[in-house]
Amino acid sequence: MVQPPWFAAVFPPFRKDAPIRGPVCAPCRDDFDRIGEGPYPSRRRHAPLCLVGFHGDRGRSRPVGGAIGAPSSHLPESPQRPIRMHRGLGALVGISGKTAELGLAMRLSLLLLLLLLTSPPPTPSMEDAAFPHRGESSRPPPRACPLRCSCPRADTVDCNGLDLQVFPDNITRAAQHLSLQNNQLQELPYNELSRLSSLRTLNLHNNLISSEGLPDEAFESLTQLQHIYVAHNKLSVAPQFLPRSLRVVDLAANQVTEIFPLTFGEKPALRSVYLHNNQLSNAGLPPDAFHGSEAVATLSLSSNRLSYLPPSLPPSLERLHLQNNLISKVPRGALSRQTHLRELYLQHNQLTDSGLDATTFSKLHHLEYLDLSHNQLVSVPAGLPRALAVLHLGRNRIRWVEAARLRGARGLRYLLLQHNQLGATGLPAGALRPLRGLHTLHLYGNRLDRVPPALPRRLRALVLPHNHVTTLGARDLAGMPGLAELNLAYNRLVSARVHHRAFRPLRALRSLDLAGNQLTRVPGGLPGSLHTLRLQRNQLRALEPELLTSLDQLRELSLAHNRLRIGDIGPGTWHELQALQVLDLSHNELSFVPPDLPEALEELHLQGNRISHVGSEAFLSTPRLRALFLRANRLHMTSIAPEAFLGLLHLSVVDTAGNPEQVLVRLPPRAPRQPQAGGP
């Protein structure tokens, strides 16, 4: 091998007669004397190893000076000053103080450096696993994640829906959000849970966890927990201790019969508690259940077994859900401290008039929504607050509405009185007059025989279906000029008792529903503002053009389930309905498609008639038609002319099911799309 120019200067040529200087240990000197032609060749060959500090000892290497437990006899026997051990380049060099010795040590050090620089890279089997491989020094170590779970972030572990039966191990201590919902866990091991002291969100929704599988101290180490979800499990009692840091607790849909003072008490940051769909009775709620939790805004106790409104509720409440219980009484003063309450749900209980008094709701100055439907009330409750916007009293036994009971609720916008027992005198004139801002009045399913008089002038929606109304006078609707929706469906109206000017004052009316009455003709004087007119399930026998002339904004007309024939539809009937998009003539007695239909028509219902033929000119006037329904007529395979749908480029639905034969339908080809400018 060719040596570099500097090699001879550092390592001079070997001379057999060169004396060896420097310390040599006694065992090595004895070896030198025993080898070959005197000591010099073997000394020259062996001394550098001794000077560097390593020499053979029964096949093992030991450093000079007793390092690594070398015996004391194996020490240099030189009379010179003691050797100082100097660590450099991975070797120990003995320094004797003489220049020759120092020079030799330096040469040996350089030799070791040269060997390190020129040696080939280590093979993979010799690499140190503790050090990163080449090119990987900047990569972080892989993050631990439980088997089959996902860890999208360093602080998030998602084990949702894996049918786990055992709490997963290998969850990082840094986890802040742990999702274990939709599994089959039956218990929470304290040792595993106590490690996760950084948790902020714990989701155990929809498992099989019982109270026996949830030790009392399960959450004591989770001092940063803010959200816990244990809904849809098998808890029979609530946990006795929950962390003070909690903001949201969901224990809904379990079998909880009891909660404890420190379950929800002493939680200053607690905002929402969900306990609905359990088996809680009043005995299972301690009087100090929320002591020290002065920030609770939402409390859900619906679908339990409460018989009266619980006392000592948090004064900070804004939403209180108590529906679907057995509540028959609200104790006096039970709601006197909840002055921030905005929504109160008491529907589907057993409340009677005697279970409420004039002070029950009077202190709720911010109450906006009150639902008392599906109870046993006979009259409107007294003491309603001024801020109330929605009052739901449907499905009670109310027979009479007293104006004085509503005088305090001057801000009421929606009054729902459907399915009560209001008769002819149930809404006396002026009973609702104090409600000047009333927007919607629901009177569905009562026993009213006429439209209540003197309704609020600003009323926008009047819903009166399924009553006993038989007459509409000229002035019955005149006091509501802003009415936009009027529903009189399924009453007992007949054409002879509907005044031809009854609807004329309603110049803002958009929707009129007269379905299910006994009308034989379209009422006159309909306002031109109408967008929707429903006249299905009457006894109409004629369509007169003059009654429809003003309806130039009408978009939807339903005439289904009447007795109309082609001859009953006068010529030019559709000419004025230029905005009509949906026409329902189903279940009449038509024998063919009516001619001259409106040009804007997009949806035509003709099912359930007597149509046996569709001619080639049937739809010439409806180029925008998209859907055509001809099911359950008298059509045969070739009853539709091949040219019937020519020009209907938007037609995509033709329903001909339920006819005597399968009908052959030829849809027109769609116009090819024009290539965009600049396209290939």
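Residues numbered from 1 in each chain as written. Predicted model: local features only at pLDDT ≥ 70, side-chain atom pairs only at ≥ 80, totals over all residues. Heavy atoms only, no water.

- Going by an unreviewed UniProt entry, the chain carries the name Podocan-like protein 1 and comes from Odobenus rosmarus divergens.

A short note on the side chain of H392
Right, so step 1: Among the secondary structure elements, H392 is positioned in strand β16 (residues 390–392).
Right, so step 2: Looking at H392, its side chain comes within polar contact range of the main-chain nitrogen of G394, at 3.3 Å.
Right, so step 3: For H392, the residues in contact, after removing those within four places along its chain, are Y369, L370, D371, L372, S373, L416 and Q418. (Helix = DSSP H or I, 4+ residues; strand = E, 2+ residues; numbered from the N terminus. Polar contact = N/O pair within 3.5 Å; in protein donor to acceptor, adjacent residues only side chain to side chain. Contact = heavy atoms within 4.5 Å.)

Brief notes about the environment of L635
Right, so step 1: Counting through the fold element by element, L635 comes out in the loop between β26 (627–629) and β27 (653–655).
Right, so step 2: Taking the C-alpha atoms as reference, L635 lies 8.6 Å from V614; in sequence the two are 21 residues apart.
Right, so step 3: When residues no more than four places from it in sequence are discounted, the contact partners of L635 are I611, S612, H613, V614, L630, N659, P660, E661 and V663.

Regarding the nonpolar core
Soluble globular proteins: nonpolar side chains tend toward being buried together.
Right, so step 1: Counting residues in each nonpolar core, the largest one holds 150 residues, and the members touching the most others are L462 and F503.
Right, so step 2: Beyond its immediate sequence surroundings of up to four residues, L462 is in contact with L441, L443, V451, L455, M480, L483, E485, L486 and N487. (Core = buried A, V, L, I, M, F, W, Y, C linked by side-chain atoms within 4.5 Å. Buried < 20%, exposed > 50% of the residue type's maximum accessible area, 1.4 Å probe, protein only.)

Concerning the pattern of salt bridges
Right, so step 1: Within this structure, the stated rule accounts for 11 salt bridges.
Right, so step 2: In this structure, E318 engages R319 in a salt bridge whose closest nitrogen and oxygen atoms are separated by 3.7 Å.
Right, so step 3: One salt bridge in this structure joins R521 and E544, with 3.3 Å as the shortest N-O distance. Note that R521 is positioned in the loop between β21 (511–513) and β22 (532–534) and E544 in the loop between β22 and β23 (556–558), a separation of 23 residues in sequence. (Salt bridge = Lys/Arg side-chain N within 4 Å of Asp/Glu carboxyl O.)

A word on a positive patch on the surface
Right, so step 1: Together, R386, R407, R410, R436 and R458 make up a region of like positive charge exposed at the surface.
Right, so step 2: Mapped onto the elements, R410 comes out in the loop between α7 (403–406) and β17 (414–416).
Right, so step 3: The exposure class assigned to R410 is partly exposed, which follows from its relative accessible area of 37%. (Patch = residues over 30% accessible without salt bridge, like charges linked within 9 Å, V, L, I, M, F, W, Y side chains within 5 Å. Areas by Shrake-Rupley, 256 points an atom, 1.4 Å probe, with all protein chains shown as cover. Lys, Arg positive; Asp, Glu negative; His and termini not counted. Charge placed at Lys NZ, Arg CZ, Asp CG, Glu CD.)

Considering the side chain of S639
Right, so step 1: Counting through the fold element by element, S639 comes out in the loop between β26 and β27.
Right, so step 2: Within the structure, S639 has its side chain in polar contact with the backbone oxygen of S612 (distance 3.2 Å).
Right, so step 3: With near-sequence residues (within four places) excluded, S639 lies in contact with S612, H613 and V614.

Overview of the confidence of the model for the chain
Right, so step 1: With 77% of its residues at a pLDDT of 70 or more, the chain has an overall mean of 84.
Right, so step 2: In this model, residues 14–24 is a region of pLDDT below 50 whose contacts with residues beyond four sequence positions or in other chains number 19 contacts.
Right, so step 3: Scored below 50 in pLDDT, residues 31–100 makes 107 contacts in the model with residues more than four places away or belonging to other chains. (pLDDT = per-residue confidence, 0-100.)

A few points about the state of the cysteines
Two cysteines form a disulfide when their sulfur atoms are joined by a covalent bond.
Right, so step 1: Counting across every chain of the model gives 2 disulfides.
Right, so step 2: Between the sulfur atoms of C145 and its disulfide partner C151 the distance amounts to 2.0 Å. Its torsion about the S-S bond being 90°, the disulfide of C145 and C151 is classed as right-handed.
Right, so step 3: Assessed through its relative accessible area of 25%, C145 is described here as partly exposed.
Right, so step 4: For C151, a relative accessible area of 16% corresponds to the buried category.
Right, so step 5: Covalently, C149 is tied to C159 through a disulfide, its sulfur atoms 2.0 Å apart. (Disulfide = S-S within 2.5 Å.)

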